[in-house]
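Residue strings, one per chain:
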Amino acid sequence: MSDSPASRSPLLVVISAPSGAGKTTLCERTLAARPDMARAITCTTRRPREGEQDGVDYFFLEAGDFLRRVQAGNFLEHATVHGNSYGTLKSEVLGKLRSGRDVLLNVDVQGAAAVRAQAEKDPELRRALVTVFLAPASIDVLEERLNRRNKDSP
């Protein structure tokens, strides 16, 4: 029996982990190995960094627009981190699933819980959802990774 994308329903693969556990690396390698898989592009209210493009790296939204979308129930998950809001639009994920593509979503632990809660209410999401939680080998390994990447304060 073939397990090609055409012979099965598309998957929503949600990768979650604590900061520094390797989810971004895993997602990058997965997308490189599976060019047919689509990355869910998330929204943010933060300013674009140099080289980032709207609709490619993120959907960059004004805070008021983001809040209106939250209030309208447009997000699968959303959170505010360090004063900026981030979230994944339902339409972004469902559009790609409906086109037959597997979708990869990289979120924090709370984001994964929110996606699971949304999937409980939506048969299409429930059928597609696969969650993966990455855990570091130890707290010492996690601390070493966080220190090595030098992006967070002690």
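Residues numbered from 1 in each chain as written. Predicted model: local features only at pLDDT ≥ 70, side-chain atom pairs only at ≥ 80, totals over all residues. Heavy atoms only, no water.

Let's talk about the packing of aromatic side chains
Next, step 1: Counting across every chain of the model gives 3 aromatic pairs.
Next, step 2: With a centroid separation of 5.7 Å and an interplanar angle of 55 degrees, the aromatic rings of Y58 and F60 are classed as tilted. When sorted by exposure, Y58 lands in the same class as F60, which is buried.
Next, step 3: One aromatic cluster is present, built from ring pairs that chain together Y58, F60 and Y86. (Phe/Tyr/Trp six-rings, centres within 6.5 Å; stacked < 30°, edge-to-face > 60°. Buried < 20%, exposed > 50% of the residue type's maximum accessible area, 1.4 Å probe, protein only.)

Some details on the nonpolar core
Next, step 1: Counting residues in hydrophobic clusters, the biggest one holds 16 residues, and the most contacted among them are L12, V14, V93, L97, L105, V115 and L125.
Next, step 2: Put simply, the parts of the chain that give this core at least two residues each are β1 (12-16), α3 (90-98), β7 (103-107), α4 (109-121) and α5 (123-128).
Next, step 3: When near neighbours in sequence (up to four residues on either side) are disregarded, L97 contacts P10, L11, L12, V103, L125 and A128.
Next, step 4: Grouped together as the second largest cluster of nonpolar side chains are 8 residues, V13, A21, M37 and L104 included. (Core = buried A, V, L, I, M, F, W, Y, C linked by side-chain atoms within 4.5 Å. Helix = DSSP H or I, 4+ residues; strand = E, 2+ residues; numbered from the N terminus. Contact = heavy atoms within 4.5 Å.)

A closer look at α4
Next, step 1: Over its 13 residues, α4 runs 19 Å from end to end, which matches the ideal 18 Å to within 8%, given 1.5 Å per residue.
Next, step 2: Within α4 the residues assigned to the buried category are G111, A112, V115, Q118 and A119. One side of α4 holds all its buried residues, which, seen down the axis, span an arc of 120 degrees. Of the residues in α4, the exposed ones pointing more than 90 degrees away from the buried face are Q110, E120 and K121.
Next, step 3: Structurally, α4 contributes buried residues whose contacts are with β1, β5 (75-81), α3, β7, α5 and β8 (129-133).
Next, step 4: The opening residue of α4 is D108, an N-cap whose side-chain oxygen sits 3.3 Å from the backbone nitrogen of Q110. (Expected span 1.5 Å × (residues − 1). Arc of directions from axis to C-beta. Polar contact = N/O pair within 3.5 Å; in protein donor to acceptor, adjacent residues only side chain to side chain.)

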